Amino acid sequence: MRRVGLLGGTFDPVHFGHLRSAIEVREQLQLDELRLIPCARPPHRDMPGATAAQRLRMVELAVGQGGGLQVDDRELQRQRPSYTVETLESLRLELGADVALFMVLGWDAFCGLPGWHRWQDLLELANLVVLQRPDYDLEVPEVLKDLLAARSADQPERSHGQIICLSQTPLAISATHIRTLVGNGASPRFLLPDAVLDYIENEGLYRPSTED
């Protein structure tokens, strides 16, 4: 069974925390590929500081060639907020029912699932991969405790319907911190790929507005 991983996000900008998580998930679950999927208009966050086209380009620069990571721009084709369940439905239509899909979530995102659009349908379309951060303490809603008890698996072998929790290398990197550094005139080098930093500098991204 072909195994495809999916890691969505605003990637504003993409950094080594995203990329390291993607590599570790791909290797631990022996995925054939892992797709980074930038979203256009995230329904749960403020509008990104960079445009959709700029964020897509940064992810393309970060991924480069090989490594088992790919870029999927399907959410950027929508002229409305990006809902994960619709992305999974689109992928199912494209890839078929026999492909195992693994949707990657951070621990905080998983705990917030009850607020997502049609969240109960996610496991009908994919397996969930929850990245556990040892430095993050967040209470799990009761409905998700029951779901974890019923759907948890060490190594999901089905195309959908199971939950696996993975530990990851703790990298204290955030896009918010990178944007703050750039806005303050400080260097974020070594927090993100050089090609992405060069693009940020050339495009003048995340700098304070010069307008009155």
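Residues numbered from 1 in each chain as written. Predicted model: local features only at pLDDT ≥ 70, side-chain atom pairs only at ≥ 80, totals over all residues. Heavy atoms only, no water.

Within an unreviewed UniProt entry, the label attached to the protein chain reads Probable nicotinate-nucleotide adenylyltransferase, and the organism entered is Halopseudomonas oceani. A UniProt comment under Pathway (unreviewed entry) is attached to the protein chain, and it reads "Cofactor biosynthesis; NAD(+) biosynthesis; deamido-NAD(+) from nicotinate D-ribonucleotide: step 1/1." UniProt lists a comment for the protein chain under the heading Function (unreviewed entry), and it reads "Catalyzes the reversible adenylation of nicotinate mononucleotide (NaMN) to nicotinic acid adenine dinucleotide (NaAD)." (UniProt positions renumbered as here; feature names shortened; annotations may be inferred.)

Enquirer: I'd like a rundown of the environment of alanine 149, residues and numbers included.
Expert: As for its placement among the helices and strands, alanine 149 is situated in helix H5 (residues 142–151). Separated by 14 residues in sequence, alanine 149 and isoleucine 163 place their C-alpha atoms 9.4 Å apart. (Helix = DSSP H or I, 4+ residues; strand = E, 2+ residues; numbered from the N terminus.)

Enquirer: Tell me about the environment of glycine 68, residues and numbers included.
Expert: Here glycine 68 lies in the loop between helix H2 (52–63) and strand E3 (69–71). The exposure class assigned to glycine 68 is partly exposed, which follows from its relative accessible area of 26%. Sequence separation of glycine 68 and leucine 34 is 34 residues, and the distance between their C-alpha atoms is 6.3 Å. Setting aside residues up to four positions removed in sequence, glycine 68 forms contacts with Arg26, Glu33 and Leu34. (Buried < 20%, exposed > 50% of the residue type's maximum accessible area, 1.4 Å probe, protein only. Contact = heavy atoms within 4.5 Å.)

Enquirer: How would you sum up the nonpolar core? Please name residues and give values.
Expert: Taken as a class, soluble globular proteins show a tendency for nonpolar side chains to be buried jointly. Counting 36 residues, the largest nonpolar core has Val25, Leu36, Met58 and Val129 as the members making the most contacts within it. At the level of secondary structure, the elements contributing two or more residues to this core comprise helix H1 (16–28), strand E2 (33–38), H2, strand E4 (100–106), strand E5 (127–132), strand E6 (163–167), helix H6 (175–183) and helix H7 (194–203). Leaving out residues up to four positions away in the same chain, valine 129 has contacts with Val25, Leu29, Phe102, Met103, Val104, Leu105, Ile164 and Leu166. In this structure, Leu91, Trp119, Val130 and Ile163 belong to the second largest nonpolar core, which totals 28 residues. (Core = buried A, V, L, I, M, F, W, Y, C linked by side-chain atoms within 4.5 Å.)

Enquirer: Outline H7, supporting the account with residue identities and numerical values.
Expert: What H7 keeps buried is the set Val196, Leu197, Tyr199 and Ile200. Taken around the axis of H7, the buried residues stretch over an arc of 160°, which confines them to a single face. Just past H7, the residue glycine 204 takes up positive phi, approximately 70°. (Arc of directions from axis to C-beta.)

Enquirer: With reference to specific residues and values, describe the pairing of E4.
Expert: Where burial is concerned, most of E4 is hidden: six out of the seven residues are buried. In this sheet, E4 lies alongside strand E1 (residues 3–9) in parallel orientation, the contact comprising five bridges. Opposite glycine 5, over in E4, you have phenylalanine 102 as the bridge partner. As paired strands, E4 and E5 are joined by five bridges and run parallel to one another. Counted as the bridge partner of valine 104 is valine 129 from E5. (Pairing = 2+ DSSP bridges.)

Enquirer: Provide a residue-level description of the sheet that holds E4, including the pertinent values.
Expert: One open sheet holds the six strands; their spatial order is E3-E2-E1-E4-E5-E6, and the pairing between them is parallel. Here the strands that pair on one side only, and so sit at the sheet edges, are E3 and E6. Between one strand axis and the next, the sheet turns through 30° on average, direction left out of account. Bridge count between E2 and E3: three bridges; the pairing is parallel. Each bridged residue has a counterpart across the sheet, and for leucine 36 the counterpart in E3 is valine 71. (Axes fitted to C-alpha atoms, helices over the stretch in contact; angles between N-to-C directions.)

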